[in-house]
Amino acid sequence: LAKTTQPISMDSYEGQEVNITCSHNNIATNDYITWYQQFPSQGPRFIIQGYKTKVTNEVASLFIPADRKSSTLSLPRVSLSDTAVYYCLVGRLSGGYQKVTFGIGTKLQVIP
Amino acid sequence: DVKVTQSSRYLVKRTGEKVFLECVQDMDHENMFWYRQDPGLGLRLIYFSYDVKMKEKGDIPEGYSVSREKKERFSLILESASTNQTSMYLCATTTGAITGELFFGEGSRLTVL
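To keep things clear, this report deals only with the structure shown in the data block.

Rules used throughout
- Residues numbered from 1 in each chain as written.
- Chains lettered and ligands numbered in written order.
- Predicted model: local features only at pLDDT ≥ 70, side-chain atom pairs only at ≥ 80, totals over all residues.
- Heavy atoms only, no water.
- Pairing = 2+ DSSP bridges.
- Helix = DSSP H or I, 4+ residues; strand = E, 2+ residues; numbered from the N terminus.
- Axes fitted to C-alpha atoms, helices over the stretch in contact; angles between N-to-C directions.
- Polar contact = N/O pair within 3.5 Å; in protein donor to acceptor, adjacent residues only side chain to side chain.
- Contact = heavy atoms within 4.5 Å.
- Salt bridge = Lys/Arg side-chain N within 4 Å of Asp/Glu carboxyl O.
- Buried < 20%, exposed > 50% of the residue type's maximum accessible area, 1.4 Å probe, protein only.

Let us look at the sheet that holds strand E3 (residues 32-38) of chain A. All names here are of chain A. One open sheet accounts for five strands, arranged E1-E9-E8-E3-E4; its pairing is mixed. Each edge of the open sheet is held by one strand with a lone partner, namely strand E1 (9-13) and strand E4 (45-50). On average, each strand axis in the sheet is tilted by 25 degrees relative to the strand beside it, whichever way the strands run. Across three bridges, the pairing between strand E8 (residues 84-91) and strand E9 (residues 106-111) is antiparallel. Counterpart to Ala 84 in the pairing with E9 is Leu 108.

Listed below in structure tokens is the structure:
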């Protein structure tokens, strides 16, 4: 499993765009990049997943450069309700034998 | 929507007690996981199961066992609870597809006195 490195914490004002970068130098050819969001006293929730270039959904965008050694989660115009911990995962969920490992995550604090 | 239900949100047990944490999912998923989450350590995988009666150790299996007698139910067992097992326990499930996302329960906060 590729190891990931992301900032431990970030602060942002409401209405700003937030970019959280994750480093994964040892990513394998068949690995996907997935981001989860976790609010206090809840389980993590899937946000977005990608393999290369850019992926966008109603919640976020995910930017992946050509070498795939890093990825950036972009949250447009954050609000107070986006205060949460964000986890970057690299791996392939397949066949039931793949262990899914989370890191410490990035604690995002949105300030009024 | 996938629903993952954990039997207890909050439990308080005494050292040496046997503890059962149960997880039920309603989507016929093959794969189920148990994690524990502690401040500063993130989520750590305890055990996972890819089929009925099948299990694999995760990163921190010591002091835990699991049971999967039916596809929808995955139980975590603490044979003799200790204070260092005080934690938030999270159950998750996934289809096992290449891009399958994990679906988590709301967690069970266990305090061992």
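Further remarks concern the side chain of Gln 6 of chain A. Residue and element names in this part refer to chain A. Its place among the elements puts Gln 6 in the segment before E1. In terms of polar contacts, Gln 6 uses its side chain to reach the backbone amide nitrogen of Cys 88, at 2.9 Å. Here Thr 106 takes part through its side chain, which lies 2.9 Å from a polar atom of the side chain of Gln 6. Not counting residues within four places of it along the chain, the set of residues in contact with Gln 6 comprises Ile 20, Thr 21, Cys 22, Trp 35, Tyr 86, Tyr 87, Cys 88, Gly 105 and Thr 106.

Residue and element names in this part refer to chain B. Inspection of the entire model under this criterion finds eight salt bridges over all chains. The partner of Glu 22 in a salt bridge is Arg 73, with the nearest N and O atoms 3.3 Å apart. Of the two residues, Glu 22 sits in strand E3 (residues 19-25) while Arg 73 sits in strand E8 (residues 73-78), which places them 51 residues apart along the sequence. Owing to a relative accessible area of 29%, Glu 22 belongs among the partly exposed residues under this scheme. As a salt-bridge pair, Lys 53 and Glu 69 come within 2.4 Å of each other at their nearest N and O atoms. Of this pair, Lys 53 sits in the loop between strand E5 (42-51) and strand E6 (54-57) while Glu 69 is found in strand E7 (residues 65-70), placing the two residues 16 residues apart along the sequence. With relative accessibility at 57%, the residue Lys 53 sits in the exposed group. One salt-bridge network, held together by shared partners, links Asp 28, Glu 30 and Lys 71.

Any link to function would need more than the numbers given here.
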